[in-house]
Amino acid sequence: MLLIAFFLGASTAWLFETGWNWYLVNHLNPAEGHQWRVRRNRWAYYLLLGVTLAVAVIFVGGVYGLQTGAWSSPFVRALDHLSAPKVLGGIVATALGALLVAVRHRLPAGITLLRRLVQPRRVEGQKKPSSSAAESSGAKSAVISLTSIVGIAAVTLVALATIQIFFPELITRVESFKVAGVEARFASATSKSLQVFTQTIAGPEKRISVAGWANYDWLSKELSGPAQAAVNSRLGYADPFQNDNNRFMNEIAIPLAKLGKCLSEHFDLFHTDLHGQAARAAEGWGRLFLMADTTPEGQKKSKRQAEIVIKDTYVILGRTNDFLTSQAIECDDRQAVIDLIIKTISSKITCDQNCFNESILEEYAKKVSGDPAMSPETLAATGYAVSFVSSFISWTSRVDKGLEFLDNIRPHLHQSNSAIVAQINVYSARVIARFQARRPSNETVEDCKKAISLVDELLRHVESARRDSENRSIQGDRRSEQLKNVVDHYKRVRASIVNDSLYSIIADWLDGRRLLPHEIAMLEGVSEGGAAYELNKWIDSESISELVAGINKTNLETEIAKQRKLAPKLDPMARQAVTWLRTIGDTYDTLAMRDVVLGAIRNDFSKDRCARIRSLLARSKDSYEKANVTEYGPYIAAHFNIYESACSQ
């Protein structure tokens, strides 16, 4: 790479000089041409001085800026790129190539001066000794040889100094044959891993489905609802927006999520005629959430926007149902969702089975648009509706659009502990969106820290409420069991967030960014602390066999209920088993890649480290297979490729 940069600088300087000389010969007289040549030489020296100063400023500024600046700053990110050893080395090599071409005519004079310094001076008055032609030729050869030796030594010294300054890791790898072979394959493997990672999991084009919100009803009833109730009971809070937000979730979000899940299992929304209408509805909800204006004019505008977006939402729900019917697609909850929508619309306007007629929907939207549940102040006050709309926008558009909405809505969120569960939901959504959009890891880590602190606060109150329940009468047994499920659930949520924070740094490293000292320290942790320690401790506390049993139980009960044409009554923890078994697979993979990163940084791919990496990757693959997660197959294969490239010798 350095040779390419050197020859690029030399060829550029030679082309410039050739063109410049042609211009001087054909357009200027000899006197003027001589003056311009003198100026050109002077400019060459100034250019060399400027490049030297620029490299020094970039290096010093880069080190200082990266230690003290914010990674999200474009200036600091530019310094990080420019101060990378390969980039600085390329700048220096390009400058040296250009300088060599510019001063090549002065090299003979420099060699002559070097000869004069090397040759011994004659004493004044001493006669010049006579010698034969052979002796004279031998002396000249000796001088030339000595000059060559000095020149080679100087070049070698410069090369060693350059390696020591810009590539210190090569000094420690001189004895290793990995430099030529394994390291090249390792770099290729990491590049392939990043490509697979972007295609499979992340990247601005990846979309977050709304399908996960299809479980909001039972998740709210069995886990998040009791969790928030426990906090409110401990602190004496009452959530003034709970009923209104439940109405939005029940009448808007859950129908969209369940029909969206049914659609996504068989089709890509972007490849259907439904996409345009769905995208317009998603953008409309995002616009309504940000219209918090209590003035009469502002309320008038928000009411009009609510009319438009409510109508668009029910239109897309009706069209989705018609599309699924035309394609003979049957889903477990589809008819129940349609019945719920018809019941909701019929409560405000008589419509029988023609409730999806646009004129009827327009009349219904006018009646409900003024309800407090559809006001921007209520919608944006807590996190459930906010998180859903961000997922809706990401599903119909791009992940970074959903993230932009989450960033804009942040000042309007309800911040007290009376909405702590909703806040956890919002910050978790921000973590996923930043990770999917491939934003800098420091932004993801900051959101992870906020989410983890909220989860810790929630667990503290819920565990206290659980202890109180256990100390009461027998009637508290059911509530105690429910709160135990809540604690187990949010411990898993916490582990998932910790895993996201750790892997966001690893993904940045795979992307080619040099990790900062505090990021390396975060990866390493300590013997009894840090993210990796917490993940290992959490995995040890989990029983994979119980999760697999929960998956089998859920599948069996679902099949029986389907045969009997009944809604399955599933255990809330069992139906989450697939999610948490996949999280365990994610965690094993993160711990394996953590070892890869630290091994590359420390140049330490020992037998123990390589054995540990292979074991963790194998466990990750096994967890994905047990959870029947097939889409991560290429991803794990790419990480096995990195392992083999790093540990093959």
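Here the structure is a predicted model, which means the values were calculated and not measured.

Scoring rules and cut-offs
Every chain is numbered independently, its residues counted from 1 as its sequence is written. Since the coordinates come from a predicted model, pLDDT governs what is reported: local features require at least 70, and pairs of side-chain atoms require 80 or more to be given and counted, while whole-chain, interface and lining totals use all residues. Working from all heavy atoms in the structure, the side-chain values ignore hydrogens and water. Helix and strand definitions follow DSSP, with helices as H or I runs of at least four residues and strands as E runs of at least two, each counted in order from the N terminus. Accessibility here uses a 1.4 Å probe with only protein chains present; expressed as a share of the type maximum, an area under 20% marks a residue as buried, one over 50% as exposed, and anything in between as partly exposed. Residue contacts follow a heavy-atom distance rule, with two residues in contact if any of their heavy atoms lie within 4.5 Å. An expected span of 1.5 Å times one less than the residue number is assigned to each helix. Here pLDDT means the predictor's own confidence in every residue, given as a number from 0 to 100. Fitted lines through C-alpha atoms serve as axes, helices being fitted only where they are in contact, and the angles separating the N-to-C directions of these axes extend from 0 to 180 degrees. Here the word oblique covers every angle except those under 35 degrees (roughly parallel), over 145 (roughly antiparallel) and from 65 to 115 (roughly perpendicular). Whether a crossing is left-handed or right-handed is set by the direction in which the near helix is turned from the far one by less than a right angle, anticlockwise for left-handed and clockwise for right-handed. Distance and chemistry together define a polar contact, namely a pair of N or O atoms within 3.5 Å, with one atom able to donate a hydrogen and the other to accept it when in protein, and with adjacent residues in sequence counting only for side-chain atoms on both sides. In the sections that follow, a salt bridge refers to a side-chain nitrogen of Lys or Arg positioned within 4 Å of a carboxyl oxygen of Asp or Glu.

## Some remarks on the overall build of the chain
In step 1: Along its length, the chain carries 26 helices and zero strands.
In step 2: With 649 residues in all, the chain has 45% of them scored as buried.
In step 3: Considering only contacts within the chain whose residues lie at least 6 apart along the sequence, 77% involve residues at least 24 apart.

## With respect to helix H16 (residues 383–396)
In step 1: For H16, with 14 residues, the first-to-last C-alpha span of 20 Å sits near the 20 Å given by 1.5 Å per residue.
In step 2: Taken across its 14 residues, H16 has 14 buried, putting it largely inside the fold.

## What about the confidence of the model for the chain?
In step 1: With 65% of its residues at a pLDDT of at least 70, the chain reaches an overall mean of 75.
In step 2: Mean pLDDT values for the elements of the chain range from 48 in helix H7 (residues 168–171) up to 92 in helix H25 (residues 607–626).
In step 3: In this model, residues 134–153 is a region of pLDDT below 50 whose contacts with residues beyond four sequence positions or in other chains number nine contacts.
In step 4: In the model, residues 169–183 has pLDDT below 50 throughout and makes 17 contacts with residues more than four positions away in sequence or in other chains.

## Details of unusual backbone geometry
In step 1: A positive phi angle, near 60 degrees, is found at Arg438, a position not held by glycine.
In step 2: Tracing the chain through its elements places Arg438 in the loop between helix H18 (420–436) and helix H19 (441–470).
In step 3: What makes Arg438 buried here is its relative accessible area of 19%.
In step 4: The phi angle at Asn603 is positive, at roughly 55 degrees, despite the residue not being glycine.
In step 5: Examined against the element boundaries, Asn603 turns out to sit in the loop between helix H24 (577–602) and H25.
In step 6: The class for Asn603 is partly exposed, based on a relative accessible area of 37%.

## Observations concerning the packing of helix H17 (residues 399–409) against H18
In step 1: As a packed pair, H17 and H18 sit with axes 9 Å apart at the nearest point and diverge in direction by 140 degrees. The pairing of H17 with H18 is recorded here as oblique in orientation. Our pair here, H17 against H18, has a crossing hand that is left-handed. Where H17 approaches H18, its residues Val399, Leu403, Leu406 and Asp407 are matched on the opposing element by Ala429, Arg430, Ala433, Arg434 and Gln436.

## Some words on the side chain of Glu307
In step 1: Note on placement: Glu307 falls in helix H12 (residues 296–326).
In step 2: Within the structure, Glu307 has its side chain in polar contact with the side chain of Arg304 (distance 3.1 Å).
In step 3: Beyond its immediate sequence surroundings of up to four residues, Glu307 is in contact with Ala365, Lys366 and Ser369.

## Side note on the pattern of salt bridges
In step 1: With the rule as written, the count across this model stands at 27 salt bridges.
In step 2: The partner of Arg304 in a salt bridge is Glu307, and the shortest N-O contact between them spans 3.1 Å. Taken together, the residues span about one helical turn, with Arg304 and Glu307 both in helix H12 at a distance of three residues.
In step 3: Residue class for Arg304 comes out partly exposed when judged on its relative accessible area of 48%.

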